[in-house]
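A look at the structure
Read off the chains here:
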Amino acid sequence: MNDRQARNYIQQISKRGSVYGLDQIRNLMERLGNVQEKLSIIHVAGTNGKGSVCAMTASILKESGYRTGVYSSPAVFSEEEIISVDGEPISSQEFAELITKVRKACLDLQSEGLAHPTAFEIETAAAFCYFYRRNCDFVVLETGLGGELDATNFITHPLCSVLTSISMDHMAVLGNTLAEIAKAKAGIMKAGCPCVSAVQKPEAAAVIKKKAELSGCRLYIAEPDRLADFSYDEKGSYFKVLSEQQLQNIFVNDKQGECPKPMPGHQKTDFETELSGKTFYCALAGEFQRQNIACVLSVMKALREKGIQITAEAVRAGLAKVQLHGRFERIYEQPEFYIDGAHNEDAVAFLQNTIQNRFTNRYIVYIIGVLADKDYEKALQPILPYAAQIYTITPPNDRALDGAVLAEWAGRCHQKVSFVPDIAHAVSLAAETAGAEGIVLAFGSFSFLKDIRQAVIEVYDRTDG
């Protein structure tokens, strides 16, 4: 198959839907030689922040001299970007070659009377084959949905499991309570393997603590308070790691009661000493990056304690060079034009905090597009008042909420709301409305951010020309 045929094949398989469970991916990888067993994997689950944590972790490992693969979705600007090595996406040719190989294994399964793997399982298998082919020292692996029954969770011995912020999302699949969702996410924790968790809400924290105790997992709590003087601008985030004395209790937050205590045996290491008191810059911006960076620093600590060579200078260089699209990313300067994939209640709340801290007294225009299976009313209502004008669009996604329906609802909460059927037209209107001194913020589903960027390029090329 060539690249187009490979993409068409995956698209056709995706129409069959998804089946959550591990039997199919295990059968598939067995036919492919179980290459995942030969890879060293950092496994990342959570509701918000997974992509950022994956990108920063991989960037630091690369700067430490290790060849590092990343499997992370969704794609924002190109389909190839979900599979990369040392920051370079897989080529179209190699993707087609690997999908051809995986497709043969799928057909072999079918001939034996077994189920055909899902589209996500096919891409996951191709990613592992690619990382093995490229002789990766490490693989940073993001779950697709949930954790326990996610197709990535067939791996048996990760170097480290990571749980980013957990909140209400995908309730139809993962459960209707935070505890149920946390249980699904915590399913990536493996016996004897360390786990890093972001500071969680009490209901989720209790589940994670219990899972760690039952599994014998060393649990690290990534306390964002360790990042002092945290600030950010359109270029990135800035912070200082707390001094050695302050770092002694960074994994405990008894005052708030929001995170479990670490398992006994925590001792300071030279790594903590190397980081303490130093100022760092991270090329990802936004209020939400504070807890994501804290997670990454704890991951580095866990890896150091396993004997993996990572220095403070590698941390500094990796954070400074990290790249990730669609997370409070500025794509044009005048007017300032940002895109963000905030699509659930907690993510939108962090975006709201960013607006409050960064855009005081600025004229702000929103472009919003969401999926119909999200609790968009609860997520969006608090952030709407910060906009002077709101334009709604329909994302190019089978699960999209009609932008006209979104506009009708938003119009009950805000006086200036308009539905714009064409995304490029929405960009032109938003830029004109914002003016040279205003802010345009396009957010919601990741699925329309590519179209937003393309429209911005076309609008300003036409204007500048």
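Residues numbered from 1 in each chain as written. Predicted model: local features only at pLDDT ≥ 70, side-chain atom pairs only at ≥ 80, totals over all residues. Heavy atoms only, no water.

Turning our attention to the overall build of the protein chain. In terms of regular secondary structure, the protein chain is built from 17 helices and 17 strands. Relative to a compact globule of 465 residues, whose C-alpha radius of gyration would be 23 Å, the protein chain shows 22 Å and is just as compact. Projected onto its principal axes, the C-alpha positions of the protein chain cover 60 × 55 × 45 Å. Buried residues in the protein chain amount to 55% of all 465 residues. Restricting the contact set of the protein chain to residue pairs at least 6 apart, pairs at least 24 apart contribute 79%. (Helix = DSSP H or I, 4+ residues; strand = E, 2+ residues; numbered from the N terminus. Rg over C-alpha atoms; globule rule 2.2 N^0.38 Å. Buried < 20%, exposed > 50% of the residue type's maximum accessible area, 1.4 Å probe, protein only. Contact = heavy atoms within 4.5 Å.)

Let us now look at the sheet that holds strand β9 (residues 227-233). Spatial strand order, β9-β10-β11: three strands in an open sheet with antiparallel pairing. Unpaired on one side and paired on the other, β9 and β11 (279-282) mark the two borders of the sheet. Between one strand axis and the next, the sheet turns by 20 degrees as a mean value, whatever way the strands run. Sheet analysis places strand β10 (residues 236-241) next to β11, joined by four bridges and oriented antiparallel. Following the sheet pairing, K240 is matched in β11 by T279. Against the sheet, helix α11 (residues 289-304) engages β9, β10 and β11, with an angle of about 130 degrees to β9. The strands touched by helix α12 (residues 312-321) are β10 and β11; relative to β11, the strand with the most contacts, the crossing angle is about 35 degrees. (Pairing = 2+ DSSP bridges. Axes fitted to C-alpha atoms, helices over the stretch in contact; angles between N-to-C directions.)

So, about the nonpolar core. Counting 73 residues, the largest nonpolar core has L303, V315, Y366 and L380 as its most contacted members. Ranked by residue count, the leading element in this core is α11, at nine residues. Counting 39 residues, the second-largest nonpolar core is a separate cluster that includes I13, L39, L109 and L141. (Core = buried A, V, L, I, M, F, W, Y, C linked by side-chain atoms within 4.5 Å.)

By the criterion of burial, strand β14 (residues 364-369) is predominantly enclosed, with six of the six residues buried. In terms of strand pairing, β14 meets strand β17 (residues 439-444) through six bridges, oriented parallel. The partner of I367 across the bridge, within β17, is A442. By the bridge criterion, four bridges tie β14 to strand β15 (residues 389-392) in an arrangement that is parallel. Within the sheet, the bridge partner assigned to Y366 lies in β15 and is I390.

All right, on to the packing of aromatic side chains then. Under the definition given, this model contains twelve aromatic pairs. Here the aromatic cluster, defined as three or more aromatic residues joined through ring pairs, consists of F328, Y338 and F359. Sitting above the plane of the F95 ring, R7 keeps its charged end 3.7 Å from the centroid. Over the ring of Y9 we find R103, and its NZ or CZ is 5.6 Å from the ring centre. (Phe/Tyr/Trp six-rings, centres within 6.5 Å; stacked < 30°, edge-to-face > 60°. Lys NZ or Arg CZ within 6 Å of the ring centre and 35° of its normal.)

The next subject is the pairing of strand β2 (residues 68-71). Each regular strand carries side chains that alternate between the two faces of the sheet. Alternating positions in β2 separate into two faces, T68 and V70 on one and G69 and Y71 on the other, with burial throughout. Relative to strand β3 (residues 83-85), β2 runs antiparallel, the two sharing three bridges. Directly across from Y71, in β3, lies its bridge partner I83.

On the surface, a cluster of nonpolar side chains totalling about 280 Å² of accessible area is made up of Y20, L149 and V173. Positionally, V173 belongs in helix α6 (residues 171-174). (Patch = residues over 30% accessible without salt bridge, like charges linked within 9 Å, V, L, I, M, F, W, Y side chains within 5 Å. Areas by Shrake-Rupley, 256 points an atom, 1.4 Å probe, with all protein chains shown as cover. Salt bridge = Lys/Arg side-chain N within 4 Å of Asp/Glu carboxyl O.)

Mapped onto the elements, Q389 comes out in strand β15. Judged by its relative accessible area of 11%, Q389 is buried.

Attention now moves to the environment of S165. If you trace the backbone, S165 turns up in the loop between β6 (160-163) and α6. Since its relative accessible area comes to 9%, S165 is described here as buried. Sequence separation of S165 and A320 is 155 residues, and the distance between their C-alpha atoms is 23 Å. Setting aside anything within four residues of it in sequence, one finds S165 in contact with G46, T47, N48, A198, Q200, Q291 and D346.

Pairing between side chains of opposite charge can happen when the charged atoms of each approach one another. Here the structure, examined in full by the defined rule, presents 20 salt bridges. With its nearest N and O atoms 3.4 Å apart, the salt bridge here joins K104 to D108. Separated by four residues within a single helix, K104 and D108 lie in helix α4 (residues 92-111), roughly one turn from each other. Classification of K104 by relative accessible area gives exposed; the value is 53%.

As a further point, take helix α16 (residues 423-434). One turn of an α-helix holds 3.6 residues; hence residues three or four places apart share an orientation. Between its first and last C-alpha, α16 extends 16 Å over twelve residues, near the 16 Å set by a 1.5 Å rise per residue. Put simply, D422 is the residue that caps the front of α16, since its side-chain oxygen is 3.3 Å from the backbone nitrogen of A424. One or two positions beyond α16, positive phi appears at G435, with a value near 70 degrees. (Expected span 1.5 Å × (residues − 1). Polar contact = N/O pair within 3.5 Å; in protein donor to acceptor, adjacent residues only side chain to side chain.)

So, about the sheet that holds β14. An order of β12-β13-β17-β14-β15-β16 is seen for the six strands of this open sheet, with the pairing classed as mixed. The two strands at the open ends of the sheet, each matched to only one other strand, are β12 (329-332) and β16 (417-419). Adjacent strand axes in the sheet meet at a mean angle of 25 degrees, parallel and antiparallel pairs treated alike. Of the strands in this sheet, β14, β15 and β16 touch helix α15 (residues 403-410), which is tilted by about 165 degrees from β16. Here α16 sits on the sheet in contact with β13 (336-340), β14, β15 and β17, set at roughly 165 degrees to β14.

With an omega of 5 degrees, the peptide bond between S73 and P74 qualifies as cis. Along the chain, P74 falls in the loop between β2 and β3. Residue P335 follows Q334 across a cis peptide bond; omega there is 0 degrees. Here P335 is to be found in the loop between β12 and β13. For D229, which is not a glycine, the phi torsion comes out positive at approximately 55 degrees.

By themselves, these are just geometric observations and shouldn't be taken as functional.
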